[in-house]
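# Inside the fold
Residue-level listing of the chains:
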Amino acid sequence: MTRFLLGVYFAIAVAFLVMPLVLLVPISLTDSQFLEFPPRQISLRWYREFFVDESWVGATLLSFKVGIGATAVALVVGTLASVAIVRGSFPGRRLIHALLVAPLIIPTVILALALFIVFLRWKLVDNVPALIFAHAVVALPYVVLIVSSALRSFDTTLERAARVLGASPVRAFFAVTLPYLGPSMFASSLLAFFASFDELIITLFVSGGLQTLPVRIWTDLMLRLDPTVAAAATMLIVVSVIGMAIAEYFRQRNVRRYGG
Amino acid sequence: MQQAAQGLAKGAAVVFRGLRQVYGTTVALEEFSLEVGAGEFLTLLGPSGSGKTTALNALAGFIEMTSGHIAIDGVPISALPTEKRNIGMVFQNYSLFPHLDVLDNIAFPLRMRGVPRRAARERAQAALDLVRLPEYGRRMPHQLSGGQKQRVAFARAIVFEPRVLLMDEPLGALDLKLREAMQLEIKQFQRQIGCTVIYVTHDQGEALTLSDRIVVMDKGRVLQVGTPKEIYDRPHTRFVAEFIGVNNLLPVAGGAAGEAVLEGVGAVAAAVPAGARWAALRPEVLRAAPGEGPIAATITDVIFLGDVVRYAARCDRGATLVFSQRREPGGSAHAIGARVAFPIDPADIVFLAE
Ligand SMILES: Nc1ncnc2c1ncn2[C@@H]1O[C@H](COP(=O)(O)OP(=O)(O)OP(=O)(O)O)[C@@H](O)[C@H]1O
Ligand SMILES: [Mg+2]
């Protein structure tokens with residue numbers, strides 16, 4: 001499952017990131033005022049511009065802050081929910097699973113509208129923790145899908161072995177189950193992080209004056225268009241490729257250790 | 001470890017009393033009562049689904065019994081959680097922790113008991129020496145062969161000096177040759193450590209080789225408990241007689257006094273115990289002489305087994321008897337179609353009621 005989802009993620013990444021990359025990288029390296037391809041003069045001017053402009057830096061920092069926060073919330077809530085769904089035997093387990101995964105299926109605009117109404121009612125617009133919560137809702141399905149499927153394929157005799165060797169149930173979970181889930185949790189947090197980092201529509205609805213990186217890019221597209229956007233996008237691509245490579249490394253290590 | 005081998009050298013006595021385990025409509029264990037002596041090597045032997053694993057799981061605390069109780073050294077353990085029972089266990093698939101190296105795997109039970117890291121690793125190394133893999137501490141489990149994993153699992157199960165060791169088909173995943181070698185090693189380790197072992201297998205040869213006593217189980221019930229010799233020579237029921245080794249089973253018809261009529265074979269001068277319905281005859285005690293006699297047969301099959309040759313012979317009255325003969329220099333071999341006579345010794349017949 002993890003492998004499948006990573007594969008899907010990879011295909012999407014290839015289609016939406018790597019293909020435009022061919023155009024974006026040279027465009028970001030131009031010396032000109034405008035988006036031009038191919039560039040006539042190479043320079044790092046727009047990268048410098050990105051780091052000098054406070055609105056870009058601020059938007060990036062906010063995106064990281066919200067992304068990391070949403071990932072942390074989604075990871076903890078999603079992992080605990082997965083344990084309850086897979087190991088528990090209470091009625092409504094499937095329903096809870098479906099609910100947690102729903103944000104992946106429901107059209108984002110509808111979700112954004114719903115969140116917007118709630119945020120208005122409770123005066124949460126323009127509030128960073130609330131934005132983190134909204135992003136966590138979008139990030140949660142990735143964690144629940146990947147971690148619960150990993151948990152299902154986990155050989156519980158390992159936990160039994162830990163128990164009989166002297167570990168309490170909680171200790172056995174931390175000593176044996178969690179290390180197995182590690183790569184899946186890492187892969188799902190990566191997906192969760194980028195789900196938040198990319199997120200535009202919900203953010204536009206509920207963020208008020210807060211500008212995340214996608215919002216910043218979007219406003220830039222509305223107003224003026226200079227190659228800083230291309231520079232920002234290129235750096236984003238580099239970061240996500242590195243993340244995926246690390247996730248793949250851990251996944252392969254797990255396959256070696258636990259067998260296919 | 002050396003101290004452990006000499007100092008502790010005493011296993012615990014385990015008593016199962018009236019265990020019953022029901023899964024839905026399946027009765028996995030019924031009236032399961034058993035007394036295991038301190039330091040004994042006891043084997044649960046039975047076909048698949050006979051409740052062997054269920055009995056071990058009940059002792060380890062993995063399942064809550066429907067009813068019945070278990071005591072270790074006279075102390076009831078039903079209220080104790082698994083981790084407090086202080087039982088060593090070797091699983092069929094070894095269940096080594098894949099993310100820990102060999103030494104950390106073996107040190108795990110010690111760490112769980114609060115032994116400091118250094119001391120735990122030293123004792124783990126001693127256990128690794130015991131199973132003769134001293135150089136393998138830094139390997140990851142996936143870098144070991146099946147037999148090596150098996151030994152590491154064994155070391156991990158005994159490093160904390162449990163007084164009871166459970167082994168659920170520990171050699172099931174190994175090939176025949178390795179299995180036989182490991183059987184000898186397990187027996188040897190157990191003698192060194194002195195703990196009580198409850199061993200599960202459905203391989204009767206393994207049970208006969210290893211055990212002080214064997215418990216034959218079927219459909220959740222204990223059919224017979226005894227030394228390997230007793231189980232082999234004096235099975236109580238038809239099931240046990242058929243399950244252990246090869247046996248000729250013949251229906252018994254009532255004859256004259258002091259005479260047993262074995263259906264399809266003939267009459268033998270033997271007193272038939274009351275209620276006996278079957279007669280069991282081991283192939284290796286059955287002697288056949290070339291020629292004719294009161295119980296005569298024609299050889300129909302010859303199977304070469306290496307040190308012995310097994311023959312199938314069809315008696316004139318209809319039954320087929322299997323017998324085996326050692327290959328001795330000058331010993332006569334029978335050819336297919338040859339005529340033989342069986343001088344059946346009444347003392348070799350085991351009469352069975354059911
Ligand atoms: N968790 C369970 N739920 C339902 N039925 C079970 C469960 N565990 C065991 N059983 C049933 O209980 C019976 C005894 O099972 P058990 O695992 O003890 O057999 P076994 O003697 O160990 O067999 P094997 O040699 O195949 O391992 C079987 O009929 C099995 O189907
Ligand atoms: Mg079993």
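Everything numeric here is computed off the predicted structure, so don't read it as measured data.

Parameters and conventions
Residues numbered from 1 in each chain as written. Chains lettered and ligands numbered in written order. Predicted model: local features only at pLDDT ≥ 70, side-chain atom pairs only at ≥ 80, totals over all residues. Heavy atoms only, no water. Helix = DSSP H or I, 4+ residues; strand = E, 2+ residues; numbered from the N terminus. Buried < 20%, exposed > 50% of the residue type's maximum accessible area, 1.4 Å probe, protein only. Contact = heavy atoms within 4.5 Å. Areas by Shrake-Rupley, 256 points an atom, 1.4 Å probe, with all protein chains shown as cover. Lys, Arg positive; Asp, Glu negative; His and termini not counted. Charge placed at Lys NZ, Arg CZ, Asp CG, Glu CD. Near = heavy atom within 4 Å. Polar contact = N/O pair within 3.5 Å; in protein donor to acceptor, adjacent residues only side chain to side chain. Core = buried A, V, L, I, M, F, W, Y, C linked by side-chain atoms within 4.5 Å. Domains from an automatic or database assignment. Buried area = accessible area lost by both parts, 1.4 Å probe. Phe/Tyr/Trp six-rings, centres within 6.5 Å; stacked < 30°, edge-to-face > 60°. Lys NZ or Arg CZ within 6 Å of the ring centre and 35° of its normal. Patch = residues over 30% accessible without salt bridge, like charges linked within 9 Å, V, L, I, M, F, W, Y side chains within 5 Å. Salt bridge = Lys/Arg side-chain N within 4 Å of Asp/Glu carboxyl O. Nonpolar A, V, L, I, M, F, W, Y, C, P; charged D, E, K, R; others polar. Pairing = 2+ DSSP bridges. Axes fitted to C-alpha atoms, helices over the stretch in contact; angles between N-to-C directions.

## Quick word on the overall build of chain A
In terms of regular secondary structure, chain A is built from 11 helices and zero strands. N-terminal to C-terminal, the α/β element order of chain A is α-α-α-α-α-α-α-α-α-α-α. The principal-axis extents of the C-alpha atoms in chain A amount to approximately 70 × 50 × 25 Å. Across the 260 residues in chain A, those meeting the buried criterion constitute 46%. Long-range pairs, those at least 24 residues apart, make up 73% of the contacts in chain A between residues at least 6 apart in sequence. A total accessible area of about 13200 Å² is found for chain A, and carbon and sulfur atoms account for 72% of it. Here chain A contributes 20 positively and 13 negatively charged side chains, and the mean placements of these two sets differ by 16 Å.

## Re the overall build of chain B
Secondary structure assignment for chain B yields nine helices and 20 strands. Each principal axis of the C-alpha distribution contributes one length, and for chain B these read about 75 × 50 × 40 Å. Put simply, of all contacts in chain B between residues at least 6 apart along the chain, 66% involve residues at least 24 apart. Put simply, chain B shows about 15700 Å² of open surface, and 52% of that area lies on carbon and sulfur atoms. Both charge centroids of chain B, one from 38 positive and one from 36 negative side chains, sit 5 Å from each other.

## As for the site of ligand 1
Residues and elements named next belong to chain B. Around ligand 1, the surrounding shell holds 13 residues, and the nearest of these are Ser48, Gly49, Lys52, Thr53 and Thr54. Within the contact set of ligand 1, an oxygen atom lies 3.1 Å away from a backbone nitrogen or oxygen of serine 50. A distance of 2.9 Å separates an oxygen atom of ligand 1 from a polar backbone atom of glycine 51. Taken by itself ligand 1 offers 630 Å² of open surface, and the protein chains cover 60% of this. Residue assignment for the shell around ligand 1 shows that the elements contributing at least two residues are strand E2 (26-36) and helix H2 (52-60).

## Some points on the nonpolar core
Residues and elements named next belong to chain B. With 120 residues, the main nonpolar core has Phe16, Leu44 and Leu59 as its most contacted residues. When residues no more than four places from it in sequence are discounted, the contact partners of leucine 44 are Phe32, Leu34, Lys52, Ala55, Ile198, Tyr199, Val200, Thr201, Val215 and Met217. Core analysis: the second largest hydrophobic core is formed by 27 residues, Val252, Leu262, Val265 and Phe323 among them.

## Let's talk about the domain arrangement of chain B
All names here are of chain B. Domain boundaries assigned for chain B yield domain 1 (2-238) and domain 2 (247-352). Between domain 1 and domain 2, the contact holds seven residues from the first and eight residues from the second. For the pair domain 1 and domain 2, the summed buried area comes to about 700 Å², and 53% of that belongs to carbon and sulfur atoms.

## Considering the packing of aromatic side chains
The full count for this structure, using the stated rule, is 21 aromatic pairs over all chains. Residues A:Phe194 and A:Phe197 carry aromatic rings whose centres are separated by 6.4 Å and whose planes lie at 80 degrees to one another, so their mutual orientation is edge-to-face. Here A:Phe194 pairs with A:Phe197, and both are found in helix H8 (residues 169-198), just three residues apart, close to one helical turn. Relative accessible area serves as the criterion here: at 3%, A:Phe197 is assigned to the buried category. The rings of A:Phe64, A:Phe193, A:Phe194 and A:Phe197 are connected pair by pair, giving a single aromatic cluster. Geometry around B:Trp278 places B:Arg238 over its ring, the cationic atom sitting 4.1 Å from the centre.

## What about a nonpolar patch on the surface?
A cluster of nonpolar side chains, A:Leu35, A:Leu204, A:Trp218, A:Leu221, A:Met222, A:Leu223 and A:Leu225, forms an exposed patch at the surface whose accessible area comes to about 680 Å². Tallying contributions element by element places helix H10 (residues 213-223) of chain A first for the nonpolar patch, with four residues.

## Quick look at the interface of chain A and chain B
Taken together, the contact between chain A and chain B spans 20 residues of the former and 24 residues of the latter. The largest share of the area that chain A buries against chain B comes from A:Val164, A:Leu165 and A:Arg257, three residues that together contribute 37% of it. Seen at the junction of chain A and chain B, the total is one salt bridge. Going through the elements one at a time, helix H7 (157-164), H8 and helix H11 (228-258) of chain A are the ones with two or more residues in the side of chain A that touches chain B. Among the elements that line the side of chain A that touches chain B, the one with the most residues is H7(A), at seven residues. For the side of chain A that touches chain B, the residue count by class is 11 nonpolar, three polar and six charged.

## A closer look at the sheet that holds strand E7 (residues 164-168) of chain B
Residue and element names in this part refer to chain B. Strand order in this open sheet of six strands is E6-E7-E8-E3-E9-E10, and the pairing throughout is mixed. Edge strands, defined here as strands with exactly one partner in the open sheet, are strand E6 (87-90) and strand E10 (221-226). Taken pair by pair, the neighbouring strands of this sheet meet at an average axis angle of 20 degrees, ignoring direction. In this structure, strand E9 (residues 213-218) lies alongside E10, joined through five bridges in antiparallel fashion. By the bridge assignment, methionine 217 is partnered in E10 with valine 222. The sheet contacts of helix H5 (residues 146-158) involve E6 and E7, and relative to E6 the element is tilted by about 170 degrees.

## Re the pairing of E9(B)
Look at any regular strand and the pattern is simple: side chains alternate between the two faces of the sheet. All names here are of chain B. Most of E9 is tucked away: five of the six residues are buried. With four bridges connecting them, strand E3 (residues 41-45) and E9 associate as parallel partners. Within E9, the residue paired with leucine 45 across the bridge is valine 216. In textbook terms, the turn of a hairpin is the stretch between consecutive antiparallel strands, and for E9 and E10 this stretch comprises two residues, one of which, lysine 219, has a positive phi near 50 degrees.

## A few points about the sheet that holds strand E4 (residues 67-72) of chain B
Residue and element names in this part refer to chain B. Spatial strand order, E2-E1-E4-E5: four strands in an open sheet with antiparallel pairing. Strand pairing shows two members of the sheet lacking a second neighbour, E2 and strand E5 (75-76), which therefore form its edges. The pairing of E4 with E5 spans two bridges and is classified as antiparallel. Bridging across to E5, isoleucine 72 finds its partner in valine 75.

## Focus on the pairing of E3(B)
All names here are of chain B. Of all five residues that make up E3, five are buried, and the element is covered over most of its length. Residues of E3 alternate between two faces, with Phe41, Thr43 and Leu45 on one and Leu42 and Leu44 on the opposite face, all of them buried. The pairing of E3 with strand E8 (residues 196-201) spans five bridges and is parallel. When the bridges of E8 are listed, leucine 44 appears paired with valine 200.

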